[in-house]
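Listed below, chain by chain, are the residues.
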Amino acid sequence: MREEHFDIVVVGGGHNGTTIAAYLAKCGLSVCILEERPECGGGQENTEPRPGFRIDPHATYLYGGAAPGFEQLDLAKYGFRMVYYQSMAGLVTTDGVAANLGGRWNREVAQKSVSYYTGQDAVGAEEVFLGSMGDDGLRDLLRSIFWTPPLPDSVEIEPKDAPMWQEFRKQLPGLWSERLVEMSFLDFLDEFVPWEPLRTFQAFAAWYCGAHPGWDGMLLPSLGGTLLVGYSSGSPRGGMHSYAHAIIRSAIANGARVITNASVGEILVKDGRAVGVKLDDKASYPEKTIWADKAVISAVDVKQTFLKLIGQTHLDASFVQKVRDVSLKGGSLYVLSVLCRELPKYHGREDAFPEEVYPSCVAAPVDSIDFFHTQTKDAYSKKKAPVLTKEHLTMMICQHDVYDRTRCPEGYHVLSPIYLEVPPPQYDVEGPEGINRHKDEITKAALDLLESLAPNMNSNNIVEVFLNTPYDSEFRNAGMSGGNWYGARQSEDQWFGSRPIKELGRYKTPIENLYLCNHTSHPGGLCLMAVPYNLMHVLIEDKIASPGNWWYPSPYYVADTKKGSQN
Ligand SMILES: Cc1cc2nc3c(=O)[nH]c(=O)nc-3n(C[C@H](O)[C@H](O)[C@H](O)COP(=O)(O)OP(=O)(O)OC[C@H]3O[C@@H](n4cnc5c(N)ncnc54)[C@H](O)[C@@H]3O)c2cc1C
């Protein structure tokens, strides 16, 4: 068949494409997902470089625990299983500090561990929040930040009245003060976290989880990233790809058609409306046309959508230029995976990380906040491979198998991923391949540093090392522009209705019936099911979708009055 018809065609079967397909199929629409690779999931990928050893080339933690999608898409019914961790994080310095920061159900571990060094009760930024909010309160605060569609253009509000601050005032009236609205997360850490290693850890954690902690006015989105991972406190059993499987099963069970090896070459536009897509010559059915009677949803990044898939004659030149200018300075990650026989035994207190509460992620070394500024400068300003000294190489060393033994055979451990922030390939002063030219030296320096912090991480213990640079990520997954976990830069001008640009801020586009559903839209990266949940509000407004009574909108949703409301 050279042609087929569906109500909805979704371009790209990554996290956001599969989730919106599941939502729309559950609304009774006929939906087709087209995925370029042989399997859907995008950044929710696990690979087995050796049989039985599961590594995470991209996403690793579940951040989406507060997502309405788990319930709305029945993910437990379709196989989603979570493993909760006793300790989410720990920190290590070069001079022998090793503190265990526990987790959502184990806060006393952090208290004991940090007070050993400080002589005071542990006070971290998360504790200020987690300690004073119930689970439901935290879930609602997170939903107001991430699972709320940007307000329509016509609605103007003061920053202090944004949904997230309204919810904050409701949940934490004693902590509220108007000056928080202007603060950066680093300002907040200066004020609330008196211990330098913990402050440094939390700055790094925020950078790896969401909005960069240095941006003024971004306290909540920045802290919110770390609260997301704290709220979820674990990962899907077997890794993030099993989360993708549950979403795909939900989509298929509701009637969606999934076509893999189906690389889309063109989004077809007729009289200003998106009417379907054409597969390119890499697809199993080259040149096939798939018509979309109601909408095309592009679940690939904004640049590919408008600079490659849509003929430029359909777009205004100034709009095209704005898309070209979207900055990719987000979080390009150098990813190492280490198969070993023993877990790292960090120097410092020997009893800091006992196996039953071993931190699933250790940030090391976090001696001083200068380490954080040094790495930010390497990634964003110097734009070249880091200098290979400890100040430039703070790593997030993740391992899941203490809590999830499906990750590797008995007798082994998998440190995967070990993340390191580096410049996005597109901005590297040596060109996009710059970071790859230095990969042997960077990998060696990172492993030497790991051994200096945990002396048992030597060649007797390490079985094998695998590497995925951000440039490699772009080749694995055409959606990972800049090898960037966040899609586009993590700053104030890239949030809410300005992400990725104002004209596209509410998932709608200048082409009628074409919508964006990718992590280049608000609220950005992470497998939160948030972009599709937020987009659903707009598709309901536009009368494309009409869900059953399983659907509930965000309490902070404001309808575009030109279109009607869901109330
Ligand atoms: C190193 C790294 C670490 C991360 N860590 C985490 C984490 O711990 N937790 C977390 O939740 N998130 C994490 N993320 C972020 C997360 O992976 C992404 O935000 C998420 O995968 C984005 O989903 P998406 O659907 O928008 O895009 P993608 O996952 O990129 O999906 C896009 C899909 O579209 C396909 N595609 C591209 N072009 C075409 C075309 N022309 N035709 C058809 N198909 C096409 C691609 O093959 C891909 O499958 C991480 C990302 C990286 C890179």
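The model shown is predicted, which means the values in this text are computed figures rather than measured ones.

A. Representation of the overall build of the chain within the structure. If you tally the helices and strands in the chain, you get 17 helices and 18 strands. Scaling as 2.2 N^0.38, a compact globule of 567 residues should have a C-alpha radius of gyration of about 24 Å, and the chain matches this with 23 Å. Each principal axis of the C-alpha atoms in the chain carries an extent, and together these give about 65 × 50 × 45 Å. Out of the 567 residues in the chain, the part that is buried amounts to 56%.

B. The sheet that holds strand β14 (residues 361-364), seen in detail. If you walk across this open sheet you meet the seven strands as β7-β6-β14-β15-β16-β13-β17, and the pairing is mixed. Sheet topology places β7 (98-100) and β17 (462-468) at the edges, where each strand pairs with a single neighbour. The mean inter-strand angle of the sheet, taken between neighbouring strand axes irrespective of direction, is 20°. Inspection of the sheet shows strand β6 (residues 89-92) paired to β7 by three bridges, in the antiparallel sense. Within β7, the residue paired with L91 across the bridge is A99.

C. Expanded view of the nonpolar core. By size, the foremost hydrophobic cluster in this structure holds 173 residues, and its most contacted members are V9, V10, V11, V31 and A363. Not counting chain neighbours up to four residues away, the residues in contact with V10 comprise G17, I20, A21, V31, C32, I33, L34, I297 and A299.

D. Region of the structure containing unusual backbone geometry. In this model, A364 is joined to P365 through a cis peptide bond whose omega is -10°. Inspection of the secondary structure puts P365 in the loop between β14 and α13 (369-382). For the bond running from R499 to P500, omega is -5°, close enough to zero to count as cis. The residue P500 is located in the loop between α16 (470-476) and β18 (514-516) in this model. A positive phi is found at E287, a non-glycine position, where the angle reads about 70°.

Rules used in this analysis
- Residues numbered from 1 in each chain as written.
- Predicted model: local features only at pLDDT ≥ 70, side-chain atom pairs only at ≥ 80, totals over all residues.
- Helix = DSSP H or I, 4+ residues; strand = E, 2+ residues; numbered from the N terminus.
- Rg over C-alpha atoms; globule rule 2.2 N^0.38 Å.
- Buried ≥ 20, exposed ≤ 12 C-beta atoms within 10 Å, placed from the backbone.
- Pairing = 2+ DSSP bridges.
- Axes fitted to C-alpha atoms, helices over the stretch in contact; angles between N-to-C directions.
- Core = buried A, V, L, I, M, F, W, Y, C linked by C-beta atoms within 7 Å.
- Contact = placed C-beta atoms within 7 Å.

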